[in-house]
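# Survey of secondary and tertiary structure
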Amino acid sequence: MRYRDISIQTQREAPNNARSEGFAFLVRAGYLTRENLPTQLGTYTLDRLRRLSNDPSFLSHLSLPTFSSDHETFYTIPSGSIEVAHCENCKYTERLELARFTKAALPPEAELPLAKVLTPDCHTIEALAAFLDVPKEKTAKALMYTRLADSQFVFVVVRGDMQLREAKLKQHVGEVRAATAAEIERSGAAAGYASPIGLKDALIAVDDLIPQSKNLVAGANEEGYHLRNTNYGRDYTAGIVEDLVQAKAGDPCPVCTNPLAVLSTISLATRKAYDVQNILLALAETHHDAKGLTLPHPAAPFDVYLMHVPGKELETRARADEIYTSLQNAGISVLFDDREERAGVKFNDADLIGCPVRITVGEKGLKEGMVELKPRKDKENQLVSLDRLVEKLKVLL
Ligand SMILES: [Zn+2]
């Protein structure tokens, strides 16, 4: 491919909307617009990645620090919008909304008799715990929904110190919406003072820690009153007993109890498909230096950046053209910078675009049958004789 055919536009400055260095370099090197749309070079590169992704082990060849759940592969990036729980120790990985953790049950105790208590203005768990002087984990939090599919009233109980994760609830009951005041009243519950005790036609779903939690304070289903010492099994049961609560950073890993980290990520692949644009961003984020991208061989759009430096006596452009053809014939993909630009401009662009190898065709070398070869990540040029060039590249790439 000739540089002008693919109309590459590099930029001196990083865009001021860049949320990461990788994105900034993709824009500066002309792969993406500032609006995050692929340019011609970007589209060409994404197509290459898409073709490579037919190989199931493709991601493992890109030298990316990824981690995977059973369903999905993630890459950590501060601007990533997907929160993932991850264990450094055993590599347990899951989207945060579905992540499990090792829950600590309260110490066992004997079940005490129910006792109704007046609790005026205790509409929140915090207010209730403070008013009764009990820790939040000794209270039961109630949440009420209606299932979309059949309007089934769903009453959820989690421990007062924990948060319901709706994504987990939906896995077990299907899509839901918040219950209306009329629906709550019809079930026999009292908003703000609700418990699952004595409800009509309710599907009760409790977090799996609830059956192990004795003598919890819960609503009395009567305005202004709560019940002390409610106990699962004795006072009510549930159709669904599952993990329903939110994991957070520092919670013990469900597999090994090491504290979980919560990371901002992008998704690179699910079982069904690769997200090649996210993979390109991950590549740029991982593989760059101060001058530009340093893409690894299989992921770079071209193996070689070929350029000529205009000479005084020799026609370097024509010789570079010959080399371009011979490399292509050898199956090496080449971006040929055949512009009549200053060498400095071309060197900068070569560094930005980040092909694994740069070859410079200049007068001094040509006089001795040599060209300059520089792997993108190396500091020094090497002189390579033209007749050994292809051989040398095949070793490098
Ligand atoms: Zn673990």
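For the structure itself, consult the block above.
All of these numbers come straight from a predicted model, not from anything done at the bench.

What counts and what doesn't
- Just so you know, the residues in each chain are numbered from 1, in the order the chain's sequence is written.
- Totals for whole chains, interfaces and linings use all residues, but because this is a predicted model, local features are given only for residues with pLDDT of at least 70 and pairs of side-chain atoms are given and counted only at 80 or more.
- Processing note: side-chain calculations cover all non-hydrogen atoms of the structure and skip hydrogens and water entirely.
- The rule for a salt bridge is simple: a side-chain nitrogen of Lys or Arg has to be within 4 Å of a carboxyl oxygen of Asp or Glu.
- Helix and strand definitions here come from DSSP, where helices need a minimum of 4 consecutive H or I residues and strands a minimum of 2 consecutive E residues; each element is numbered from the N-terminal end.
- Exposure classes here rest on a 1.4 Å probe applied to the protein chains alone. A residue is buried below 20% of its type maximum, exposed above 50%, and partly exposed in between.
- Two rings belonging to Phe, Tyr or Trp (six-membered ring only in the last case) form a pair when the distance between their centres is within 6.5 Å. Interplanar angles under 30 degrees mark stacking, angles over 60 mark edge-to-face geometry, and anything in between is tilted.
- Whether a charge lies above a ring is judged from NZ of Lys or CZ of Arg, which has to be within 6 Å of the ring centre and within 35 degrees of the ring normal.
- Here a donor is an N, O or S atom found within 2.8 Å of the metal, or within 3.2 Å if the metal is Na, K or Ca; sites may look incomplete because water is not among the atoms.
- In this analysis a 1.4 Å probe is tested at points of a 1 Å grid over the protein atoms alone, and where it fits but cannot get out there is a cavity; an open set with protein on both sides within 12 Å along at least five of seven lines is a pocket; lining residues have an atom within 4 Å of a point.
- Grid points are joined across faces, edges and corners, and a volume is the space filled by probe spheres set on the points.
- Residue type decides the class: Asp, Glu, Lys and Arg count as charged, Ala, Val, Leu, Ile, Met, Phe, Trp, Tyr, Cys and Pro as nonpolar, and the leftover types, Gly among them, as polar.
- Two strands are said to pair when DSSP picks up at least two bridges between them.
- A crossover gets the label right-handed when its path from the first strand over the helix to the second runs clockwise, viewed with the strands pointing away from the viewer.

## Quick notes on the pattern of salt bridges
Taken as a whole and assessed by the stated rule, the structure comprises 30 salt bridges. A salt bridge links E222 to K116, with the shortest nitrogen-to-oxygen separation between them at 2.7 Å. With a gap of 106 residues between them, E222 in the loop between β10 (216-219) and β11 (225-230) and K116 in strand β5 (residues 115-118) connect regions that are remote in the sequence. Residue class for K116 comes out partly exposed when judged on its relative accessible area of 47%. In this structure, K170 and E175 form a salt bridge, with 3.8 Å as the shortest nitrogen-oxygen distance. A relative accessible area of 48% places E175 in the partly exposed class. In the salt-bridge network here, residues are joined through shared partners; they are R2, R4, R317, D321, D338 and E340.

## Some remarks on the packing of aromatic side chains
The relative placement of two aromatic rings is captured by the distance of their centres and the angle of their planes. Across all of its chains, the model carries 6 aromatic pairs by this definition. Judged by centre distance (5.5 Å) and plane angle (90°), the rings of Y232 and Y236 are edge-to-face. Residue Y232 is classed as buried on the basis of its relative accessible area of 18%. Exposure remark for Y236: the relative accessible area of 8% places this residue in the buried category. Here the aromatic rings of Y324 and F336 are separated by 5.1 Å at their centres, their planes lie at 35°, and the arrangement is tilted. Separated by 12 residues along the polypeptide, Y324 in helix α7 (residues 316-329) and F336 in strand β15 (residues 334-337) bring together distant segments of the chain. Residue class for Y324 comes out buried when judged on its relative accessible area of 7%. The aromatic ring of F101 is capped on one face by K103, whose charged end is 5.9 Å from the ring centroid. The side chain of R339 reaches across the aromatic face of Y3, ending 3.9 Å from its centre.

## Observations regarding the coordination of the zinc ion
Those protein atoms acting as donors to the zinc ion are C87 (SG), C90 (SG), C253 (SG) and C256 (SG), and they sit at 2.2 to 2.3 Å. Between the donor residues of the zinc ion, the gaps in sequence give the motif C-x2-C-x162-C-x2-C. Linking C87 in the loop between β3 (82-86) and β4 (93-95) with C253 in the loop between β12 (240-242) and β13 (261-270), this pair joins segments that are 166 residues apart in sequence. Since its relative accessible area comes to 0%, C87 is described here as buried.

## Notes on unusual backbone geometry
A positive phi angle, close to 70°, is found at K91, a residue other than glycine. On the secondary structure map, K91 appears in the loop between β3 and β4. Judged by relative accessible area, which is 47%, K91 ranks as partly exposed. One non-glycine residue, N221, adopts positive backbone phi at about 55°. Here N221 is to be found in the loop between β10 and β11.

## Let's talk about empty space enclosed by the protein
Under the defined criterion, the tally for this structure stands at 1 cavity of 30 Å³ or more. Residue lining of the largest cavity: Y305, A350, D351, C355, V357, R358, K374 and R376, and that is the complete set. Among the elements of the structure, α8 (343-353) and β16 (357-361) are those that each provide at least two residues to the lining of the largest cavity. The class makeup of the residues in the lining of the largest cavity is 4 nonpolar, no polar and 4 charged.

## So, the pairing of strand β14 (residues 304-308)
In terms of burial, β14 is largely enclosed, as 5 of its 5 residues are buried. Alignment of β14 against β15, held across 4 bridges, turns out to be parallel. By the bridge assignment for β15, L306 is matched with F336. Regarding topology, α7 serves as the crossover connection from β14 to the parallel β15, and that connection is right-handed. Inspection of the sheet shows β14 paired to β16 by 5 bridges, in the parallel sense. Paired with L306 across the strands is I359, a residue of β16.

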